[in-house]
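# Observations on the three-dimensional arrangement
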Amino acid sequence: MKGLFNKRSQKTDEMSTVSFNIDDKIPKHIAIIMDGNGRWAQKKFMPRVAGHKEGMNTVKKITKRASQIGVKVLSLYAFSTENWKRPDDEVSFLMQLPVDFFDTFVPELMEQNVRVQVIGFIGQLPKHTRNAVEKAIKDTENNTGMVLNFALNYGGRSELIEASKAIAKKVKSGELDIDDITESVFEDCLMTHTLNEYQNVDFMIRTSGEERISNFMLWQNAYSEFYFSQALWPDFNEQALEQSIAIYQKRHRRFGGL
């Protein structure tokens, strides 16, 4: 317990000694594991789905602020390939959320010049969910601002396996020589390849105090800075985002150098 308290104390001290500077370095690609919706609801003696609904309101707030401060890509872990294990009623609610979310938020995304993109195994989603996602992508495809990249039915290991299969097929057909396989070639086969120079994550945030990556963008997070917030996702507001970035601004990214 003493170690836990020391860890939390260190985080509190770190937050209290920094301040966000919009003119300082802003991470180009922020990825967020939006954790704690269910616990937020349970603390308020509400059903877990109420936490997911409130979490969507947080998505709107964070999307707008990230766009305003100059973030190029905001990747949000919305539904993992492992989340199908949850109770059927919760999964059904989560599959309806994108429908309701995009129905109300796309006009605001248009105002913000934000473009929607989705990574994951979209073909396995229910038809109504898939239709809502595809419509949002189509409606915002000409926007030139920040990319709001949802990871929906996504798993990092599965993504790497699919990329490996794609490269194996190219080698087998003679399109690619095995000695020509590079990091760049591999990245071209990942689901994030359309993000181009912003494919790799600069700053990964996880809310709710959990400190694990949970199969999220394993390749893309190889050199990202990590920050673990104690706040449950529905409580993670614009100020929390700015304070998180303030921590990032004080870090020196060496990429293996000095």
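Attention in this report is confined to the structure presented alongside it. Given the structure is predicted, the values throughout are model-derived calculations rather than measurements. Residues take numbers from 1 onward in each chain, read along the sequence in its written order. It should be noted that, the model being predicted, local features are given only for residues of pLDDT at least 70 and side-chain atom pairs only at 80 or more, the latter also being counted only at that level, while totals for whole chains, interfaces and linings use all residues. Side-chain numbers come from the whole structure's heavy atoms, not from hydrogens or water.

With that settled, consider the sheet that holds strand β1 (residues 29-33). Two strands form a pair only when DSSP identifies at least two bridges running between them. Secondary structure elements follow DSSP: runs of H or I no shorter than four residues count as helices, runs of E no shorter than two count as strands, and numbering proceeds from the N terminus. The strand order across the open sheet built from six strands is β3-β4-β2-β1-β5-β6, with neighbouring strands paired in parallel fashion. In the strand order of this sheet, the two ends are held by β3 (115-119) and β6 (225-228), each with one partner. The mean inter-strand angle of the sheet, taken between neighbouring strand axes irrespective of direction, is 20 degrees. Where β1 meets strand β2 (residues 73-80), five bridges bridge the pair, whose relative direction is parallel. Residue I32 lies in a different strand from β2, and its bridge partner there is L76. On top of the sheet, helix α3 (residues 48-69) reaches β1, β2 and β4 (147-154); it is set at about 160 degrees to β2, its chief contact. Axis geometry follows a simple rule: fit a line to the C-alpha atoms, using only the stretch in contact for helices, then measure angles between N-to-C directions, giving values from 0 to 180 degrees. We call two residues in contact when some of their heavy atoms are within 4.5 Å.

This part is about the side chain of Q249. Relative to the assigned elements, Q249 resides in helix α8 (residues 238-249). The class for Q249 is buried, based on a relative accessible area of 7%. From its side chain, Q249 meets the backbone oxygen of N21 in a polar contact 2.8 Å long. Ignoring sequence-local partners within four residues, the contact set of Q249 consists of S19, F20, N21, D24, K25 and I26. Relative accessible area decides the class of each residue, using a 1.4 Å probe on protein chains only: under 20% of the type maximum gives buried, over 50% gives exposed, and in between gives partly exposed. We call two N or O atoms a polar contact when they sit within 3.5 Å, provided that within protein one can donate a hydrogen and the other can accept it, with sequence-adjacent residues counted only if both atoms are side-chain atoms.

This next bit is on the pattern of salt bridges. The rule for a salt bridge is simple: a side-chain nitrogen of Lys or Arg has to be within 4 Å of a carboxyl oxygen of Asp or Glu. Within the structure shown, the criterion is met by 13 salt bridges. One salt bridge connects E210 with R39, and the closest N-O pair in it is separated by 3.3 Å. Residue E210 is found in the loop between β5 (203-206) and β6, and its partner R39 is found in helix α2 (residues 37-43); the two are separated by 171 residues along the sequence. We classify E210 as partly exposed; its relative accessible area is 23%. Here E162 makes a salt bridge to K165, at a shortest N to O gap of 3.5 Å.

Moving on to the nonpolar core. Counting 46 residues, the largest nonpolar core has I32 and L74 as the members making the most contacts within it. With nine residues, helix α4 (residues 88-112) is the single largest residue contributor to this core. Leaving out residues up to four positions away in the same chain, I32 has contacts with I62, L74, S75, L76, Y77, I205, F216 and W233. In this description, a nonpolar core means a group of buried Ala, Val, Leu, Ile, Met, Phe, Trp, Tyr and Cys residues linked to one another through side-chain atoms lying within 4.5 Å. Counting residues in each nonpolar core, the second largest holds 10 residues, with Y77, Y154, M204 and F216 among its members.

Take a probe with the size of a water molecule and roll it over the atoms, and the empty space left behind shows itself. Whether a set of points on the 1 Å grid over the protein atoms alone is a cavity depends on a 1.4 Å probe fitting there but being unable to get out, while an open set qualifies as a pocket with protein on both sides within 12 Å along at least five of seven lines; lining residues are those with an atom within 4 Å of a point. Grid points are joined across faces, edges and corners, and a volume is the space filled by probe spheres set on the points. By volume, the largest pocket is sized at about 610 Å³. Lining the largest pocket we find 29 residues, and of these M34, Y77, A78, N83 and R86 sit closest to its centre. Only α2, α3, β2, α4 and β4 provide two or more residues apiece to the lining of the largest pocket. Tallying contributions element by element places α4 first for the lining of the largest pocket, with five residues. Within this model, the second largest pocket holds a volume of roughly 260 Å³. If you trace the second largest pocket, you find 15 residues lining it, with E187, N200, Q220, A222 and Y223 closest to the centre. When residues are sorted by character, Ala, Val, Leu, Ile, Met, Phe, Trp, Tyr, Cys and Pro go into the nonpolar class, Asp, Glu, Lys and Arg into the charged class, and all the rest, Gly among them, into the polar class. The class makeup of the residues in the lining of the second largest pocket is six nonpolar, three polar and six charged.

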